[in-house]
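# Notes for the structure review
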Amino acid sequence: MDSPVKDIPVAQAATATTAVAAPASAPAGRSHRLGPVALVVAGGLSVQFGSAVAVLLMPRAGALGVVTLRLVLAAAVLLIACRPKVRGYTRADWGTVLAFGAAMSGMNILFYLAVDRIPLGAAVTLEVLGPLVLSVVASRRLVNLLWAGLAVVGVALLSGVTSGGLDRLNPAGACFALAAGAMWATYIVFSARTGRRFPQADGLALAMAVGAVISLPFGITEAGDRLLVPSTIGLGLAVALMSSVLPYTLELLALRRLPAPTFAILMSLEPAIAATAGFLVLHQALDLTDALAIALVIAASMGAVRTQVARSSH
């Protein structure tokens, strides 16, 4: 979940991100697309392995402390790098940034509360339902109900409903992940609006600062002076760079040459990348049912994106 651009596995959201990046038309040649695709994949790997590092950091600072470290440090880096202007904007502009920052903060808080209780791959799989629902609602096409149904089957397998009980996942963790998905969908809407109102990445930097301020009381309440331990700050900076700053930069570069629909489809692979990161870093093994559940949600996301793209081309 996580980076300012990464959490967008639907066509509309990718198009919104394209507006932020102000990309040129993508070249048609396959060789021209391999580079941007590699950048997007690298960004996805950075995000999810950053999330795995965040889980390792939780015993030191708690879930809310990790959120605060990530947002505060990412905001500091982006504000220094972007140096956004704060004058010349309307009240509506600032309202959009405040809503974007609040959505960003809520999404991160809920996601990290989820991964503190359930495996990373499962959390991202449940979270991705938010953008998927947004895609289905926005498209208003009957075929997308098929993709939504496929996703529901995947979630049922993941949660254990099909085996007679909700014993596969911690119920609170699953609810936090689903709520994070709802905030993700909200984030997508306000990300697009912010991109239209602010130049370059200025809106993102300002929204990240808003999110950092919102998260600060929660982090201080949970972690207190543990947030000031140098080694904890170092790991927090690694999470901020891997989960926000680096993937945003990579995806921004990729979107200058990569069509938005292709970007959206690549984003649908996030649950698989998260499951891999969880296995390699956190030793969170998947059984066959878990793998099938994640595959169904990925297929549903890709199907929804392709349906939306086909509609837009007509």
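Residues numbered from 1 in each chain as written. Predicted model: local features only at pLDDT ≥ 70, side-chain atom pairs only at ≥ 80, totals over all residues. Heavy atoms only, no water.

Among soluble globular proteins, nonpolar side chains are generally buried collectively. In terms of nonpolar packing, the biggest core is built from 74 residues, with Phe 111, Tyr 112, Val 115, Leu 120, Leu 126 and Tyr 187 touching the most fellow members. Here this core gets 17 residues from one element, more than from any other, and that element is helix α2 (residues 30-82). (Core = buried A, V, L, I, M, F, W, Y, C linked by side-chain atoms within 4.5 Å. Buried < 20%, exposed > 50% of the residue type's maximum accessible area, 1.4 Å probe, protein only. Helix = DSSP H or I, 4+ residues; strand = E, 2+ residues; numbered from the N terminus.)

Where nonpolar side chains cluster on the molecular surface, the patch consists of Val 72, Leu 216 and Ile 220 and spans about 220 Å² of accessible area. The topology assignment puts Val 72 in helix α2. Look at Val 72 and you get partly exposed, because its relative accessible area is 33%. (Patch = residues over 30% accessible without salt bridge, like charges linked within 9 Å, V, L, I, M, F, W, Y side chains within 5 Å. Areas by Shrake-Rupley, 256 points an atom, 1.4 Å probe, with all protein chains shown as cover. Salt bridge = Lys/Arg side-chain N within 4 Å of Asp/Glu carboxyl O.)

Attention now goes to the environment of Val 37. Relative to the helices and strands, Val 37 is located in helix α2. For Val 37 and Arg 257, which are 220 residues apart along the polypeptide, the C-alpha to C-alpha distance reads 9.4 Å.

Quick look at the pattern of salt bridges now. Enumeration according to the criterion identifies one salt bridge in this entry. When the shortest N-O distance is used, the salt bridge between Asp 93 and Arg 197 registers 2.6 Å. On the criterion of sequence distance, the pair formed by Asp 93 in helix α3 (residues 91-115) and Arg 197 in helix α7 (residues 171-197) is long-range, its members being 104 residues apart. Look at Asp 93 and you get buried, because its relative accessible area is 9%. Accessibility expressed as a relative area gives 37% for Arg 197, which makes it partly exposed.

Turning our attention to unusual backbone geometry. Residues other than glycine seldom take positive phi values, yet Gln 200 does so here, at roughly 50°. Considering the arrangement of structural elements, one finds Gln 200 in the loop between α7 and α8 (202-223). On the basis of relative accessibility, which here comes to 64%, the residue Gln 200 falls in the exposed class. Despite not being glycine, His 283 has its phi angle at roughly 60°, a positive value. Following the sequence through the fold, His 283 ends up in the loop between α11 (270-282) and α12 (288-313). Overall, His 283 belongs to the exposed group, its relative accessible area being 67%.

One pass over the structure, following the stated rule, counts five aromatic pairs. A centroid spacing of 5.9 Å and a plane angle of 90° characterise the contact between Tyr 89 and Trp 94, whose relative ring orientation is edge-to-face. The class of Tyr 89 is buried, set by a relative accessible area of 18%. Aromatic rings pair up to connect Tyr 89, Trp 94 and Phe 198 into one cluster. For Arg 193, the ring lying beneath its charged end belongs to Phe 190, and the centroid distance is 5.0 Å. (Phe/Tyr/Trp six-rings, centres within 6.5 Å; stacked < 30°, edge-to-face > 60°. Lys NZ or Arg CZ within 6 Å of the ring centre and 35° of its normal.)

For α8, built from 22 residues, the straight-helix expectation of 32 Å at 1.5 Å per residue is met to within 8% by its first-to-last C-alpha distance of 30 Å. Of all bends in α8, the biggest is about 35°, found at Ser 215, and the proline Pro 217 comes one to four residues later. With its phi angle positive at about 60°, Gly 224 sits one or two positions after the end of α8. (Expected span 1.5 Å × (residues − 1). Bend = angle between axes of the 7 residues up to and from the residue.)

Attention now moves to the side chain of Ser 46. Structurally, the position occupied by Ser 46 is in helix α2. Looking at Ser 46, the relative accessible area reads 8%, which means it is buried. Within the structure, Ser 46 has its side chain in polar contact with the backbone oxygen of Met 242 (distance 2.6 Å). Setting aside its immediate chain neighbours within four residues, Ser 46 contacts Met 242, Ser 243, Leu 246 and Pro 247. (Polar contact = N/O pair within 3.5 Å; in protein donor to acceptor, adjacent residues only side chain to side chain. Contact = heavy atoms within 4.5 Å.)

Looking now at the confidence of the model for the protein chain. Chain-level statistics for the protein chain give a pLDDT mean of 79 and a share of 76% at 70 or above. Predicted confidence for residues 1-28 stays below pLDDT 50, and this span has 105 contacts to residues more than four positions away or in other chains. (pLDDT = per-residue confidence, 0-100.)

What follows concerns the packing of helix α4 (residues 120-127) against α7. Each pair of packed helices can be summarised by the angle the axes make with each other and by the distance between the axes. For the pair α4 and α7, the least separation of the axes is 7 Å and the interaxial angle reads 45°. In this view, α4 runs oblique relative to α7, as classed from their interaxial angle. Handedness of the α4/α7 crossing: right-handed. Residue-level contacts link Ala 123, Leu 126 and Glu 127 of α4 to Ala 174, Ala 177, Leu 178, Ala 180, Gly 181 and Trp 184 of α7. A per-class count over the contact of α4 with α7 returns seven nonpolar, one polar and one charged. (Axes fitted to C-alpha atoms, helices over the stretch in contact; angles between N-to-C directions. Parallel < 35°, antiparallel > 145°, perpendicular 65-115°, else oblique. Left-handed = near helix turned anticlockwise from the far one by under 90°. Nonpolar A, V, L, I, M, F, W, Y, C, P; charged D, E, K, R; others polar.)

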